[in-house]
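Residues per chain are reported as follows:
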Amino acid sequence: MADKDTSKPLTVITGASRGLGRALAEHFLSKGYLVAGCSRSNEGALTHSDYHHAAVDIRDEAAVTAWARALRRQFGGVDVVIANAGLARSALYLSVTPGNVFDDFLRVNFAGVFFTLREMSKLMLRRPNARIITISSTMVPLSQEGTSVYSATKAAVQQMTKVLAKELAPQGITCNVIAPAMMETDASQELAKEGDWKDRMLALQTIPRVIGLDEVCHAADYLVSPMAASVTGQVIYLGLAD
Amino acid sequence: MIDRQKAMALIQASLDSLHRSGTVKTAIAVSDATILMGSGADSGLDSLGFVTFVMDLEDRLLSDSGADLPIVLTDIKGFDINSPTLTAGILADHVAGLAANA
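In this text, all values refer to a predicted model and were calculated from it rather than measured experimentally. (Residues numbered from 1 in each chain as written. Chains lettered and ligands numbered in written order. Predicted model: local features only at pLDDT ≥ 70, side-chain atom pairs only at ≥ 80, totals over all residues.)

Examining the overall build of chain A
Reasoning step 1: Each helix and strand in chain A was counted, giving 8 helices and 7 strands.
Reasoning step 2: A compact globule built from 242 residues should have a C-alpha radius of gyration of about 18 Å, and chain A, at 17 Å, falls within 12% of that.
Reasoning step 3: Each of the three principal axes of chain A carries a C-alpha extent, and together these read 55 × 35 × 30 Å.
Reasoning step 4: Every one of the 242 residues in chain A was classed for burial, and the buried ones make up 43%.
Reasoning step 5: Intrachain contacts of chain A at a sequence separation of at least 6 include 70% that bridge at least 24 residues. (Helix = DSSP H or I, 4+ residues; strand = E, 2+ residues; numbered from the N terminus. Rg over C-alpha atoms; globule rule 2.2 N^0.38 Å. Buried ≥ 20, exposed ≤ 12 C-beta atoms within 10 Å, placed from the backbone. Contact = placed C-beta atoms within 7 Å.)

Focus: the overall build of chain B
Reasoning step 1: Per the secondary structure count, chain B includes 3 helices and 2 strands.
Reasoning step 2: Walking chain B from its N terminus toward its C terminus, one meets helices and strands in the order α-β-α-β-α.
Reasoning step 3: On the principal axes, the C-alpha backbone points of chain B span a range of 30 × 30 × 20 Å.
Reasoning step 4: Restricting the contact set of chain B to residue pairs at least 6 apart, pairs at least 24 apart contribute 60%.

A closer look at the environment of Val 30 of chain B
All names here are of chain B.
Reasoning step 1: Among the structural elements, Val 30 can be located in the loop between helix H1 (4–21) and strand S1 (35–37).
Reasoning step 2: Accessibility expressed as a C-beta count within 10 Å gives 22 for Val 30, which makes it buried.
Reasoning step 3: For Val 30 and Thr 52, which are 22 residues apart along the polypeptide, the C-alpha to C-alpha distance reads 17 Å.
Reasoning step 4: Those residues in contact with Val 30 that lie beyond four places of it in its chain are Met 8, Ile 11, Gln 12, Leu 15 and Ala 88.

So, the confidence of the model for chain B
All names here are of chain B.
Reasoning step 1: Chain-level statistics for chain B give a pLDDT mean of 91 and a share of 100% at 70 or above.
Reasoning step 2: The secondary structure element of chain B with the lowest average pLDDT is S1, at 91, and the one with the highest is H1, at 95.
Reasoning step 3: With a pTM of 0.93, the predicted complex shows an ipTM of 0.86. (pLDDT = per-residue confidence, 0-100.)

Focus: the interface of chain A and chain B
When the parts come together, some accessible area is lost, and that loss is often what is quoted as the size of the interface.
Reasoning step 1: Across the boundary between the two partners, chain A contributes 7 residues, which contact 7 residues of chain B.
Reasoning step 2: Split into classes, the residues belonging to the side of chain A that touches chain B amount to 2 nonpolar, 1 polar and 4 charged. (Nonpolar A, V, L, I, M, F, W, Y, C, P; charged D, E, K, R; others polar.)

Notes on the environment of Ile 236 of chain A
Residues and elements named next belong to chain A.
Reasoning step 1: Residue placement: Ile 236 occurs in strand S7 (residues 235–238).
Reasoning step 2: Separated by 100 residues in sequence, Ile 236 and Ser 136 place their C-alpha atoms 9.3 Å apart.
Reasoning step 3: With residues up to four places along the chain from it excluded, the contact list for Ile 236 reads Asn 176, Val 177, Ile 178, Ala 179 and Ala 219.

Focus: the sheet that holds strand S3 (residues 51–55) of chain A
Residues and elements named next belong to chain A.
Reasoning step 1: Taking strand neighbours across the sheet as the criterion, the 7 strands line up as S3-S2-S1-S4-S5-S6-S7 in an open arrangement whose pairing is parallel. The sheet is open, and its two borders are formed by S3 and S7, each paired with just one other strand. Each strand axis lies, on average, 15° off the axis of its neighbour in the sheet, ignoring direction.
Reasoning step 2: Note: strand S4 (residues 80–83) against strand S5 (residues 131–135), 4 bridges, orientation parallel. (Pairing = 2+ DSSP bridges. Axes fitted to C-alpha atoms, helices over the stretch in contact; angles between N-to-C directions.)

Considering unusual backbone geometry
Most peptide bonds take the trans form, and the phi angle of most residues other than glycine is negative.
Residue and element names in this part refer to chain A.
Reasoning step 1: Its identity as a non-glycine residue notwithstanding, Asn 129 has a phi of 60°, on the positive side.
Reasoning step 2: Tracing the backbone through its elements, the reader meets Asn 129 in the loop between helix H3 (99–122) and S5.
Reasoning step 3: The residue Ser 143 is not glycine, and still its phi comes out positive at about 50°.
Reasoning step 4: Here Ser 143 shows up in the loop between helix H4 (139–142) and helix H5 (148–168).

As for the packing of helix H1 (residues 19–30) of chain A against helix H8 (residues 213–224) of chain A
Residue and element names in this part refer to chain A.
Reasoning step 1: Where H1 meets H8, the closest approach of the two axes is 9 Å, and the angle between their N-to-C directions is 55°. Judged by the inter-axis angle, H1 sits oblique to H8. At the point where H1 passes H8, the crossing takes the right-handed sense. Contacts between H1 and H8 involve Leu 20, Ala 23, Leu 24 and His 27 on the former and, on the latter, Leu 213, Val 216, Cys 217 and Ala 220.
Reasoning step 2: The class makeup of the residues in the contact of H1 with H8 is 7 nonpolar, 1 polar and no charged. (Parallel < 35°, antiparallel > 145°, perpendicular 65-115°, else oblique. Left-handed = near helix turned anticlockwise from the far one by under 90°.)

Examining H3 of chain A
Residues and elements named next belong to chain A.
Reasoning step 1: The terminal C-alpha atoms of H3 lie 33 Å apart, and with 24 residues this matches the ideal 34 Å at 1.5 Å per residue to within 8%.
Reasoning step 2: In the structure, H3 departs most strongly from a straight axis at Arg 107, where the bend amounts to approximately 30°.
Reasoning step 3: Three or more residues of H3 are buried, namely Phe 105, Asn 109, Gly 112, Val 113, Phe 115, Thr 116, Leu 117, Glu 119, Met 120 and Ser 121.
Reasoning step 4: The elements touched by buried residues of H3 are strand S1 (10–14), helix H2 (61–75), S4, S5 and H5. (Expected span 1.5 Å × (residues − 1). Bend = angle between axes of the 7 residues up to and from the residue.)

Structure below.
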């Protein structure tokens with residue numbers, strides 16, 4: 001039986017091959033963490049001696065469970081989980097949203113996060129100062145046209161995180177949400193192709209500019225630090241005064 | 001080789017470990033009828049305590065047998081997720097079965 005790698009604390013990040021997930025993975029690697037990331041394929045995976053990639057579709061309950069078991073065998077437990085992977089395409093009004101689009105959002109943005117949190121939280125029960133972060137969006141309080149299903153799934157993630165915060169508090173595990181306003185990601189660039197969408201969205205923000213991926217990383221830094229040990233069940237909006 | 005008797009011993013060892021760590025408030029002498037989870041649980045384990053117990057038991061099974069034997073509640077014969085009560089005897093039967101089929 002191979003020895004478990006417990007040389008450094010382990011951060012698990014879903015959707016780690018691009019965008020915010022990749023930025024978070026690079027950030028935690030720079031902070032000296034081991035990072036275990038996943039995306040649907042191995043394409044674009046980071047190459048770093050402390051980075052361990054798995055091709056996992058978070059919609060697949062069995063795949064997420066198998067990934068968690070593999071991490072447990074290799075590392076013994078998990079210190080930080082960032083449930084980042086999510087879908088943000090489509091700006092259709094609800095009345096014309098196809099059922100399959102609804103299903104996709106529900107499966108990726110809600111079920112995928114649920115499977116991730118369920119399996120990874122078990123690996124955190126015996127870790128001191130473990131931290132869970134989920135990623136939401138300012139679209140939840142903004143309730144913008146064209147985001148009915150997207151913002152509903154993100155609201156669901158926020159609520160699930162708040163309940164989990166209460167369930168895991170006796171274990172010393174904090175659970176919080178980071179909800180950025182518009183960031184420069186593939187998803188927002190895709191949506192920005194639709195007329196003046198980007199300008200309209202920025203105008204709704206309290207701080208009307210694109211939020212840097214590094215700003216989300218810094219928010220995550222705070223939440224995983226010992227200084228944030230009493231912060232749990234919170235939603236930190238970046239760029240919006242809610 | 002993990003037979004039923006060994007499985008019961010590992011269950012006892014897990015609960016003893018959880019007692020020492022404070023997860024279980026009182027020491028328990030396990031028998032077939034000991035309720036690990038459900039109404040009137042003798043174990044004193046809450047939901048997270050039960051998860052911790054299962055994970056500890058899985059670690060002991062791996063250490064003892066060298067085989068990764070995941071314990072999935074819905075796979076346990078005699079366990080009903082809608083009326084969840086699990087005794088040590090039922091769990092030991094299940095673990096012995098897992099080991100035999102590994």
